[in-house]
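# Coordinate analysis (summary)
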Amino acid sequence: MSKNIGEIRALLKKYNQEHLLNGYDKLDEAKKKQLLEQIESIDFNLVNSLYESTKKEVKHATQEVTPIDYVDKYKLNDKYKYYENIGKKAIKQGKLAAVTMAGGQGTRLGYDGPKGTYDIGLDSHKSLFELLCDSLKEEGKKYGVTIPWFIMTSRENNDKTIEFFEKHKYFGYQKDKNIFFFIQGELPMMDTEGKILIGEDGLIKLAADGHGGIYEALVKSKMVDKMKQLGVEWVFIGGVDNCLVRMVDPVLMGLAIDRDVTVACKSVVKANPKENVGVFCKKNGKPNVIEYSEITEEMAEATDKNGELLYGESHILCNLFNIDAIERMGANPLPYHLAYKKAKYIDKDGNLVVPTSPNAYKFEAFLFDAFGEVDDMAVLRVKREEEFAPVKNSDSVGVDCPKTARELYKRLHNM
Ligand code: UTP
């Protein structure tokens, strides 16, 4: 810590955030130190600009949206084996690592714990982490390698995640040898007046900065360096909540290598034009994802000469990156998107406020906002029933929930 308390007060005054020290005198020494460190680490100019962005409708420069090319994995014919062989060779040479993003809060599922520790109700009672690990181990065996596994947590769930892995002896993986954990970045939450919130613990209320924080977190935590030491050149990045995620796919890898692209993504065809999913596209000629809220009805329903949706390739958070692309993406800040959430906080008089409706802004970066960094990417359409069974909601919602994921998992594994 380089600033004294006087300097910190002056800093807060400048940015109109003096209330952050209201409860300071009541904190113990360790927390006092922590709070001051937190304040020092905040980029107040960024916080201010984020707040300003909540007041006005962000006007994105009009971008020309066009369809993106994709290939269907199951219509590759002879090319299937060709790509597969290229990919297999690279995997055998130890060039692939897997990253699981497990820093999300899982608010929709409403489960009290890291989502990766969730039991989807199979007879084995395996957690999502274990299901993912099973598939990594099985695939690794095929190629005679151990696929290094990197897990992104948040400050909020990191200890519980590691405790869980400890308890399960890392499912046969070895900590710091072939399984690594790193914590994603955070941003302060703020109220509708732009005041940063203090949480129940007397410290600044921080929230994970979205799955788009992955690139910066991989670089800052030096996981990218670690990967390089291990000889990794390609990194599959996926979510923790898709129990069918196929992290080791030689066809995807072969396609990326053969096409000489630095990013290759999997898609599943949209269930129907109105499905609420983001779809791959090009914006101003660069790869991107257009969210369902952004797409016009006309575009959503447009078809090509074969009757296929022009914007029908859903983004399922199954993306393969060349390690250099990750470094490039980690060097440039991504835009933040705004979410309005319920957040408990301590008010200026020291009272705990438990809101019953959203009261606070949270800022998140989206992984796919970095896609525009590359000139081209490959999109590989895979089968939904083989690769996409997300656990997002509670069973009462009925879609993308433990029940649907469990059924899909069982069907694919003939259980
Ligand atoms: P979602 O966007 O579905 O968010 O994350 P979530 O946190 O799991 O669930 P809700 O929206 O609160 O209900 C997709 C993937 O990205 C990861 C999640 O862990 C999940 O694997 N993620 C999301 C992060 O790692 N960090 C984040 O800040 C956000």
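Presented here is a report on the structure given in the accompanying data block. (Residues numbered from 1 in each chain as written. Predicted model: local features only at pLDDT ≥ 70, side-chain atom pairs only at ≥ 80, totals over all residues. Heavy atoms only, no water.)

## A word on the overall build of the chain
Here is the rule: The numbering of helices and of strands both runs from the N terminus, where a helix is a DSSP run of H or I of at least 4 residues and a strand a run of E of at least 2. With the radius of gyration taken over C-alpha atoms, the globule rule is written as 2.2 Å times the number of residues to the power 0.38. Accessible area is worked out with a 1.4 Å probe on protein chains only. A residue is then buried under 20% of its type maximum, exposed over 50%, and partly exposed in between. Any pair of residues with heavy atoms lying within 4.5 Å of one another is described as a contacting pair. Per-residue and other accessible areas were derived by the Shrake-Rupley procedure at a 1.4 Å probe size, with only the shown protein chains allowed to occlude residues.
Helices and strands together make up the secondary structure of the chain, namely 13 helices and 17 strands. In terms of overall dimensions, the chain is globule-like: its C-alpha atoms have a radius of gyration of 22 Å, near the 22 Å expected for 415 residues. Its C-alpha atoms give the chain principal-axis dimensions of about 70 × 50 × 45 Å. By residue count, 49% of the 415 residues in the chain fall in the buried class. Partitioning the intrachain contacts of the chain with sequence separation of at least 6 by distance along the chain shows that 74% fall at a separation of at least 24. Summed over its atoms, the accessible surface of the chain is roughly 20,400 Å², and 47% of this surface lies on carbon and sulfur atoms.

## Here we look at the site of the ligand
Applied cut-off: Only a single heavy atom is needed: when it lies within 4 Å of a molecule or strand, its residue is near that molecule or strand. N or O atoms within 3.5 Å of each other form a polar contact, as long as, within protein, one can give a hydrogen and the other can take it, and as long as residues adjacent in sequence are counted only when both atoms are side-chain atoms. Following the grouping adopted for this structure description, the nonpolar residues are Ala, Val, Leu, Ile, Met, Phe, Trp, Tyr, Cys and Pro, the charged ones are Asp, Glu, Lys and Arg, and the polar ones are all others, Gly among them.
Around the ligand, the structure places 19 residues, and the nearest of them are Met101, Thr107, Arg108, Gln184 and Lys392. In this structure, Met101 approaches the ligand through a main-chain N or O atom, which is 2.7 Å from an oxygen atom. Between the ligand and Gly104, the relevant distance is 3.0 Å, taken from an oxygen atom to a main-chain nitrogen or oxygen of the residue. Alone, the ligand offers 560 Å² of accessible surface; in the complex the protein occludes 88% of this. Split by residue class, the shell around the ligand holds six nonpolar, nine polar and four charged.

## Some points on the packing of helix 1 (residues 5-14) against helix 2 (residues 29-41)
The line we're drawing: Interaxial angles span 0 to 180 degrees and are taken between N-to-C directions of axes, which are lines fitted to C-alpha atoms, for helices over the stretch in contact. By definition in this entry, angles of less than 35 degrees are roughly parallel, angles greater than 145 are roughly antiparallel, angles of 65 to 115 are roughly perpendicular, and the rest are oblique. Each crossing gets its hand from how the near helix is turned against the far one by less than a right angle, where anticlockwise is left-handed and clockwise is right-handed.
One can describe the packing of helix 1 onto helix 2 by two numbers: an axis separation of 11 Å at closest approach and a directional angle of 45°. In terms of their interaxial angle, helix 1 and helix 2 are classed as oblique. As for how helix 1 packs across helix 2, the hand of that crossing is left-handed. Facing helix 1, whose interface residues are Ile5, Ile8, Leu11 and Leu12, helix 2 presents Leu36, Ile39 and Glu40.

## Quick notes on the packing of helix 4 (residues 78-92) against helix 9 (residues 250-259)
Where helix 4 meets helix 9, the closest approach of the two axes is 6 Å, and the angle between their N-to-C directions is 95°. On the basis of the axis angle, helix 4 is roughly perpendicular to helix 9. On helix 9, the residues that touch Tyr80, Tyr82, Tyr83, Glu84, Ile86, Gly87, Lys88, Ala90 and Ile91 of helix 4 are Pro250, Val251, Met253, Gly254, Leu255, Ile257, Asp258 and Arg259. A breakdown of the residues in the contact of helix 4 with helix 9 according to their chemical character gives 11 nonpolar, two polar and four charged.

## Some details on the pattern of salt bridges
Where we set the bar: By salt bridge we mean one thing: a side-chain nitrogen of Lys or Arg within 4 Å of a carboxyl oxygen of Asp or Glu.
Applying the stated criterion across every chain yields a total of 29 salt bridges. Where Lys73 meets Glu387, a salt bridge forms, and the shortest distance between an N and an O atom there is 3.9 Å. With a gap of 314 residues between them, Lys73 in the loop between strand 2 (71-72) and helix 4 and Glu387 in helix 12 (residues 384-387) connect regions that are remote in the sequence. Both residues of the pair, Lys73 and Glu387, count as buried. Of the charged contacts in the structure, one is a salt bridge between Glu294 and Lys283, with a shortest N-O distance of 3.5 Å. With Glu294 in the loop between strand 11 (286-290) and helix 10 (297-301) and Lys283 in strand 10 (residues 279-283), the pair connects residues that are 11 residues apart, well separated along the chain. By relative accessible area, which is 37% here, Glu294 ends up partly exposed. Overlapping salt bridges, with partners in common, bring together Asp72, Lys75, Glu308, Glu313 and Arg381 in one network.

## Looking at helix 5 (residues 128-143)
We count it as follows: Take the residue count of a helix, subtract one, and multiply by 1.5 Å to get its expected span.
In a regular helix each residue adds 1.5 Å, so 16 residues correspond to 22 Å; helix 5 covers 23 Å between its end C-alpha atoms and thus fits that length. Among the residues of helix 5, Leu128, Phe129, Glu130, Leu131, Leu132, Cys133, Asp134, Leu136, Glu139, Gly140 and Tyr143 are the ones counted as buried. Phi for Gly144, located one or two positions after helix 5, is positive at around 70°.

## Some points on the packing of aromatic side chains
To be explicit about the condition: Note on aromatic pairs: the rings of Phe, Tyr and Trp (six-membered ring only in Trp) are paired at centre separations within 6.5 Å, and the planes decide the class, stacked below 30 degrees, edge-to-face beyond 60, tilted for the rest. Whether a charge lies above a ring is judged from NZ of Lys or CZ of Arg, which has to be within 6 Å of the ring centre and within 35 degrees of the ring normal.
Counted according to the given criterion, the structure contains 20 aromatic pairs. Both rings, one in Tyr15 and one in Phe44, keep their centres 5.1 Å apart while their planes meet at 15°; by these two values the pair is stacked. You can see Tyr15 sitting in the loop between helix 1 and helix 2 and its partner Phe44 sitting in helix 3 (residues 44-55), a full 29 residues away along the chain. Residues Tyr15 and Phe44 agree in their burial class; the two are buried. Residues Tyr340 and Tyr361 carry aromatic rings whose centres are separated by 5.2 Å and whose planes lie at 40° to one another, so their mutual orientation is tilted. Taken as a pair, Tyr340 in strand 13 (residues 337-341) and Tyr361 in strand 16 (residues 360-364) lie far apart in primary sequence, 21 residues in all. The structure contains a cluster of three or more aromatic residues connected by ring pairs, namely Phe129, Trp149, Phe164, Phe165, Tyr170, Phe171, Tyr173 and Phe181. The residue whose ring lies beneath Lys383 is Tyr74, and the NZ or CZ to ring-centre distance is 4.2 Å.

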